[in-house]
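# Coordinate inspection notes
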Amino acid sequence: MNPDHAAPHRTAAPDPYFPNSGDQRYRVHRYELALDYRPGPNRLGGTARLSAVARVALPEFALDLADFRIGRVLVDGKAARYTHRAGKLRIRPAKALTAGAAFTVEVHYTGNPRPVRSPWGGLGWEELTDGALVASQPVGAPSWFPCNDRPADKATYQIAVTTPSPYTVVVGGRLLARTTRASSTTWVYEQSAPTSPYLVTVSIGPYQAVPLAERPAVPQTGYVPERLAGEFTAGFGRQARMMAYFEEAFGPYPFGEYAVVVADEELDVPVEAQGVATFGTNHLGGGWGRERLIAHELAHQWFGNSVSIADWSHIWLNEGLAKYAEWLWSEHAGGPSAATHAAAAHSLLAGLPQDLRLGDPGRKLMFDDRLYQRGGLTVHALRTVLGDASFLPMLRDWATIHRHGVVNTADFRTHAARYSDGPLDALFDAWLREPALPPLRPAV
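Residues numbered from 1 in each chain as written. Predicted model: local features only at pLDDT ≥ 70, side-chain atom pairs only at ≥ 80, totals over all residues. Heavy atoms only, no water.

## Some points on the confidence of the model for the protein chain
Across the protein chain, the average pLDDT comes to 95, with 97% of residues at 70 or higher. This model gives residues 1–11 a pLDDT under 50, and the stretch forms 27 contacts once residues within four places in sequence are excluded. (pLDDT = per-residue confidence, 0-100. Contact = heavy atoms within 4.5 Å.)

As structure tokens, this is what we get:
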């Protein structure tokens, strides 16, 4: 079952937190990006080819794209008129598109990529001291390619990146080819799983590949500065065990491989992307404070990446389930139990302002630390009511039934109710709709 395809009407409303992002009148099913990046001058040249389907008749439509110079725009191979301002590339085809029509858009563009401004700092393409990385959540994807920037608009991707040969290029997906000509190398990756634009990433740097696991397990590779290879291997030494446990708990890993990039910079927080997580040098060193981050980013491959939210008002589904995965891993690996972590989180939240409505936190609070903790507590509260005999299958089935799909909070409530002997409305209403922190009940 793939709700993104089975129920397109559910994914066609503007995002309440970012109503100017994306264009719900069409959906993209494939992107083909050919990029040339020169790290020194931070110069990006790109050609993007999008294959899409019109939901309604389209005399014109829009793509999200930051401040690049546009060379030309083609729709179905024919030159189209366009305007480009305030992050919107508005395109008028030579002939209006009919409802249900498949069409292609080709955009040629060049410029100096830089992060998109936001209340949370710069988002998207970030120039590093030696290379670049992409961290787009929630609306940074237009910093480097033209897209329909909506989390529900999932598509497959082929991405070719040409850059000077000393650099390694990491993109989420399978490496199809690596071709060197003169002093440049082109890396071609294919991401065949449906992917939200904000979850597409590129990392470019002088990285060394460090294998963490190979087949028959899920292939897992680290890309790290050479001097940090030993420290990385030690710090991420339990990730392969973590992957095996999460597959047992949540179902098969949703993608073909998993890459971890350690950028040669300190980063505020690690960030997930489809099949990739990016960490900073400050996230190495071991200990629970860092291992929980490894678990959190890995869990997002199921919760957030494979099972994606319809819009950003449902972000607790991503972060609450990833937070609870941290606690499950701790419990499984012989550390403090999930109940112990929940008690600590509840004590922390009890001393903080009670003005967060988890089920619709608003744009201002969507990345508030309390959302993560309360999200984990909500999942734990559900566990205490269901009991492990029902909770664990519920969690696995959620990730399996909606694999590569699009969901919302109502879907989760309906799903969880199937595993309960009694109604769950009071539990969900207290934790998701009311700002006051509910009491933490003991496990059954």
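## Structural notes on the sheet that holds strand β15 (residues 202–205)
If you trace the four strands from one edge of the open sheet to the other, you get β9-β10-β15-β12, paired in antiparallel fashion. This sheet does not close on itself; its edge strands, each paired only once, are β9 (124–128) and β12 (168–171). Ignoring which end each strand starts from, the neighbouring axes of this sheet average 20° apart. Note that β9 and strand β10 (residues 131–135) share five bridges and pair antiparallel. Across the sheet, residue glutamate 127 finds its bridge partner in β10, namely alanine 132. (Pairing = 2+ DSSP bridges. Helix = DSSP H or I, 4+ residues; strand = E, 2+ residues; numbered from the N terminus. Axes fitted to C-alpha atoms, helices over the stretch in contact; angles between N-to-C directions.)

## Digging into the packing of aromatic side chains
The geometry of an aromatic ring pair is captured by two quantities: the separation of the ring centres and the angle between the planes. Applying the stated criterion to the full structure yields 29 aromatic pairs. Pairing phenylalanine 236 with phenylalanine 279 gives two aromatic rings, centres 5.1 Å apart and planes at 90°, and the pair type is edge-to-face. Of the two residues, phenylalanine 236 is situated in the loop between α2 (229–235) and α3 (239–250) and phenylalanine 279 in strand β20 (residues 276–279); the sequence distance between them amounts to 43 residues. Pairing phenylalanine 412 with phenylalanine 428 gives two aromatic rings, centres 6.1 Å apart and planes at 80°, and the pair type is edge-to-face. (Phe/Tyr/Trp six-rings, centres within 6.5 Å; stacked < 30°, edge-to-face > 60°.)

## Describing the packing of helix α6 (residues 338–350) against helix α7 (residues 369–386)
Relative orientation of the contacting elements α6 and α7 amounts to 135°, with a least axis distance of 10 Å. Considering the angle they form, α6 stands oblique to α7. Note that α6 runs across α7; the crossing there is left-handed. When α6 is examined against α7, the residues Ala338, Ala339, Ala342, Ala345, His346, Leu348 and Leu349 are found in contact with a partner set consisting of Arg370, Gln373, Arg374, Leu377, His380 and Arg383. (Parallel < 35°, antiparallel > 145°, perpendicular 65-115°, else oblique. Left-handed = near helix turned anticlockwise from the far one by under 90°.)

## Brief notes about the sheet that holds strand β4 (residues 69–75)
On the basis of which strands lie adjacent, the open sheet formed by eight strands has the order β5-β4-β8-β2-β1-β11-β14-β13 and mixed pairing. Each edge of the sheet is formed by a strand with only one pairing partner; in this case those strands are β5 (78–79) and β13 (174–181). Strand direction decides the pairing type here: β4 and β5, joined by two bridges, are antiparallel. When the sheet's bridge partners are listed, valine 75 is paired in β5 with lysine 78.

## Overview of the pairing of strand β3 (residues 61–64)
Look at any regular strand and the pattern is simple: side chains alternate between the two faces of the sheet. The alternating pattern of β3 places Phe61 and Leu63 on one face and Ala62 and Asp64 on the opposite face, and all of these are buried. Relative to strand β7 (residues 88–92), β3 runs antiparallel, the two being bridged by four bridges. In the sheet register, leucine 63 faces β7, and the bridge partner there is leucine 89. (Buried < 20%, exposed > 50% of the residue type's maximum accessible area, 1.4 Å probe, protein only.)

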